[in-house]
Structures are given as structure tokens and as C-alpha cells.
Amino acid sequence: MTQSVDFEAVEKAARILSEGGLVAIPTETVYGLAADADNREAVLATYAAKGRPADHPLIVHVAGPDAIPFWAVDVPPEAWLLVKTYWPGPLTIVLKKSERCGTFVTGGQDTVALRCPSHPVAHALLERFAGETHKGLTAPSANTFGRISPSTAAHVAEDLGLKPEGKLDMILDGGPCEFGIESTMVNLSDGMPSILRHGVVTREMLEETLGFAVPDAGKNAPRASGRLKSHYAPHTKLELHDEASLLARASELADKRIAVMAPAELLARLPVHPVFTIAAESDPLAYGRALYENLHELDRAGADRILALRTPSTGPWAAVADRLGRAAA
Ligand code: TXA
Ligand code: MG
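K.L.:
Would you explain the overall build of the protein chain in this entry?
P.N.:
A tally of regular secondary structure across the protein chain gives 12 helices and 14 strands. When the 329 residues of the protein chain are sorted by exposure, 59% land in the buried category. Of all intrachain contacts in the protein chain linking residues separated by at least 6 positions in sequence, the fraction that spans at least 24 positions is 67%. For the protein chain, the exposed surface amounts to about 13,800 Å²; the carbon and sulfur share of it is 53%. Once the 32 positive and 41 negative side-chain charges of the protein chain are each reduced to a mean point, those two points are 6 Å apart.

Encoded structure:
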């Protein structure tokens, strides 16, 4: 996806951020709610804007690997290998934080999450913003806490909105996000790389790069709100089904308004007329790219219930299955 960069808008965003403002920025995964990671007031304002508990850590977005030693200490060789392979791109690494990194960024933890986005607008902004001290931008997904993450500028405008009615000083429009689901997160802070959050950089890709097994992080892993069971939830209740139970459930709900997301072939076999349908993609990347937009649309359909066909849950489907599961929880 090529994206032209409006450098005047980038310049304006950098100025607002330097002055402690809040700017929604496009990334290749989802839109982020950016603030200057060195500015305590600004960072705390992002928690307030999202309605997110202040003990949830934020990702610091940086312009490149050169920033790592400014934000982290005890960086293991695996981190450099992953960064060399996947940055800029949808991979976040968790490391021991440096002295410079404030605990208002890390939710009081001694680790910091770092990510270098590949979206040309985010990248241009970070390069413009970084300066000699490799300044970074905290950026949680630009949605109200617990709601669906935004994959377009319009989602951000609808949810957080611009001041004075809304909460943001600026929304940088970079078009629809290339991947549409949040970055893969790998914990590299305790000697045993593990996956904190699945994304388009898959377990198989990480294992190929590192040459050993990379398990899911255990219960003692650092806190991550993306790991809460109910997250990314639409307002309308969402149920996941296999083929047979979806057809049966649709019959059962015959007197209700249902919205359905399933492959076209299955939609054609539904015994009832839903108020709204989405033909699900058969490719995991395409499914992921459209997922949050689809959840937004299904939510807007005014149905009593959303039914979706469960996807596979391994390999390239892991991230999609994870987000869909949480949306249904
Ligand atoms: O793709 C992404 O990562 C997007 C874009 C905007 O870059 N950002 C994003 O941020 O998804 P957020 O805050 O919505 O999700 C980051 C997740 C949260 O679940 C947070 O708890 C976790 O990362 N996290 C942040 N710092 C952490 C740390 N030091 N240790 C463990 N988890 C951490
Ligand atoms: Mg989020």
C-alpha cells in the first residue's frame, strides 16, 4: 500500500505533540492516540481520553532501532535479531526499561514496550519528532477503552473526536490501515522470549527468525490490556459458531434481528433473512484487515445479535481468532 505523506500535516502534528497535545496517528496496524513519551501530563491525558486504567502500560513508538538504548537496558541479542528482521513493521518488543523511561508510560512496571511503525506517515512523524535524544510517542490504539480499535480516521473521529466536543487536538489521516489488527508483542525482558499478543508477525515467523520455539507468555507475564478476556467488543452481543450451530442458531433466532458474518457460501444457506450480512474473507490477512471495520458495521446494523463463523485459530489465523474471541467474550 503506497501512501503519500502530507508533510505540512506531519509538521503540524509534531508541533502539537511537542506542546503536549494529543494527536491520532495512522499506523500499519491500527490508529494510535499519540503523546510525547517524555511528557507526563500529555501521557496521562491519553489515559483520561481513552478512559483506560492508569496502571496499563503504553507502547513507545520510535523512529528506528537507534532509539532502543535510550529507552531500554539489558537488550538481548534476540531483540536485535527481531528488530533487524521486522522493523519498521507490526512487531512490538518488551524490554527492561531505562532510567529515562517514565513509570507513567509503563504503568509502574520495570519493562517498556517499543515499536517502530512502517506506515509512511507515522514514520515521517517519528523521524521529525525524534531529535537527538530519540524522543518517542506513546500511542495506545485510538479507541475508548474496551471498544473496537480504529482502522480508519473516521472511526477515530466518531469515537474520540476532535476538541472541543471530543478529546483530540488533531487527527492525522493516513488512509485505512494496511493490517487492521494490533502489532504482535514479544516479551524479551526475562531471558525467555514469549508471545504477549498475536499479530501479523506470526509465531511461525518469530520461530523461523530466532531458531527456537516461542511460546505464549504465561500467567506471570507483564500486564497487557489486550490480554483481558473481554476486549475489542462491539455493543451488540457477538456469538461465534461452527457451520452447523450457526445455521441452527439462526433458525432459533428467527423472530429476532440478526447480523451475520460468514463466507458467502454459508450466507446463501441461511434459513432466515438477517438484517445485515458480511461475506467473510477466506484469506487471514484480508480477514484481519477488514475485521474491525466489519465489527463496526455489524454493530451499526441495529441487530439484536451478531453471529459469526469461527475461523481457524493457528498459523496465520492466530491473531484474527484471538481478536474475534475477545470481541465475543
Ligand atoms: O499495533 C499496535 O501496537 C497499536 C498501534 C497504535 O501501534 N497500539 C496498541 O496499543 O495496540 P495498545 O495500548 O492499545 O495496546 C498495547 C498493549 C496493551 O495491552 C498493553 O497493556 C501492552 O501492550 N503493553 C504495553 N507495554 C507493556 C509492557 N511493558 N509489558 C507488557 N505489556 C505491555
Ligand atoms: Mg488497544
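K.L.:
I tried to follow the nonpolar core on my own but got confused; where do I start?
P.N.:
One recurring pattern in soluble globular proteins: nonpolar side chains tend to sit buried together. Within the largest apolar cluster, 31 residues are counted, with the highest numbers of intra-cluster contacts made by Trp87, Leu91, Ile93, Leu114 and Leu206. Of all the secondary structure elements, the ones that give two or more residues to this core are helix 2 (40-50), helix 3 (68-71), helix 4 (77-86), strand 5 (91-97), helix 5 (103-106), strand 6 (111-115) and helix 8 (203-210). When residues in this core are grouped by element, the largest group, 4 residues, is from helix 4. Once you skip the residues sitting within four places of it in the chain, Trp87 turns out to touch Val62, Gly64, Pro65, Ile68, Leu82, Ile93, Leu114, Arg115 and Cys116.

K.L.:
Where do I start with the layout of surface pockets in this structure?
P.N.:
If a probe as big as a water molecule is rolled over the atoms, it shows which places are left empty. Taken as a whole, the largest pocket encloses approximately 250 Å³ of empty space. Around the largest pocket sit 16 residues that line it, and Ile195, His198, Arg203, Asp216 and Ala318 are the ones nearest its centre. Mapped onto the lining of the largest pocket, the elements with two or more residues apiece are strand 10 (194-197), helix 8 and helix 12 (318-328). Across the lining of the largest pocket, the residue classes tally to 4 nonpolar, 5 polar and 7 charged. In terms of lining residues, the second largest pocket is bounded by Thr144, Arg147, Ile148, Pro150, His155, Glu158, Asp159, His235, His296, Asp299 and Arg300. Elements represented by at least two residues in the lining of the second largest pocket include exactly helix 7 (153-159) and helix 11 (284-300). For the lining of the second largest pocket, the per-class residue count stands at 2 nonpolar, 4 polar and 5 charged.

K.L.:
I keep staring at empty space enclosed by the protein and nothing clicks. Help me out?
P.N.:
Evaluation of the coordinates by the stated rule reveals 2 cavities of 30 Å³ or more. Roughly 30 Å³ of internal volume is contained in the second largest cavity. Lining the second largest cavity are Thr184, Ile195, His198, Gly199, Val201, Thr202, Arg203, Gly315, Ala318 and Ala319. For the lining of the second largest cavity, the per-class residue count stands at 4 nonpolar, 5 polar and 1 charged.

K.L.:
I keep staring at helix 6 (residues 120-130) and nothing clicks. Help me out?
P.N.:
Because the α-helix completes a turn every 3.6 residues, residues three or four places apart line up on one side. Every buried residue of helix 6 is listed here: Val121, Ala122, Ala124, Leu125, Leu126, Phe129 and Ala130. Of the surrounding elements, those touching the buried residues of helix 6 are helix 1 (7-18), strand 1 (23-25), strand 2 (32-36), strand 3 (59-61) and strand 7 (137-138). Backbone geometry just after helix 6 places Gly131 at a positive phi near 65 degrees.

K.L.:
Help me out: how do you make sense of the environment of Val75 in this one?
P.N.:
Among the secondary structure elements, Val75 is positioned in the loop between strand 4 (72-73) and helix 4. Of the residues examined, Val75 reaches a relative accessible area of 22% and is grouped as partly exposed. The contacts of Val75, once residues within four sequence positions are left out, are Ile68, Trp80 and Leu95.

K.L.:
Looking at this structure, I do not really get the environment of Glu293. What am I missing?
P.N.:
Within the secondary structure layout, Glu293 lies in helix 11. Distance from Glu293 to Ala13, taken between C-alpha atoms, is 25 Å for residues 280 residues apart in sequence. Residues within four places of Glu293 in sequence aside, it is in contact with Ser151, Thr152, His155 and Arg300.

K.L.:
Quick question: what am I supposed to make of the pairing of strand 2 here?
P.N.:
Along any regular strand, the residues point their side chains to alternate faces of the sheet. Within strand 2, 5 of the 5 residues are buried, leaving the element largely enclosed by the surrounding structure. Of the two faces of strand 2, the one lined by Gly32, Ala34 and Asp36 and the one lined by Leu33 and Ala35 are each fully buried. Bridge count between strand 1 and strand 2: 3 bridges; the pairing is antiparallel. Within strand 2, the position partnered with Ala24 by the bridge is Leu33. Connecting strand 1 to the next strand, strand 2, in antiparallel fashion are 6 residues. As paired strands, strand 2 and strand 7 are joined by 2 bridges and run antiparallel to one another. Within strand 7, the position partnered with Ala35 by the bridge is Thr138.

Definitions and cut-offs
- Residues numbered from 1 in each chain as written.
- Chains lettered and ligands numbered in written order.
- Predicted model: local features only at pLDDT ≥ 70, side-chain atom pairs only at ≥ 80, totals over all residues.
- Heavy atoms only, no water.
- Helix = DSSP H or I, 4+ residues; strand = E, 2+ residues; numbered from the N terminus.
- Buried < 20%, exposed > 50% of the residue type's maximum accessible area, 1.4 Å probe, protein only.
- Contact = heavy atoms within 4.5 Å.
- Areas by Shrake-Rupley, 256 points an atom, 1.4 Å probe, with all protein chains shown as cover.
- Lys, Arg positive; Asp, Glu negative; His and termini not counted.
- Charge placed at Lys NZ, Arg CZ, Asp CG, Glu CD.
- Core = buried A, V, L, I, M, F, W, Y, C linked by side-chain atoms within 4.5 Å.
- 1 Å grid on protein atoms, 1.4 Å probe; cavity = no way out; pocket = protein on both sides within 12 Å on 5 of 7 lines; lining within 4 Å.
- Points joined across faces, edges and corners; volume = space filled by probe spheres on them.
- Nonpolar A, V, L, I, M, F, W, Y, C, P; charged D, E, K, R; others polar.
- Pairing = 2+ DSSP bridges.

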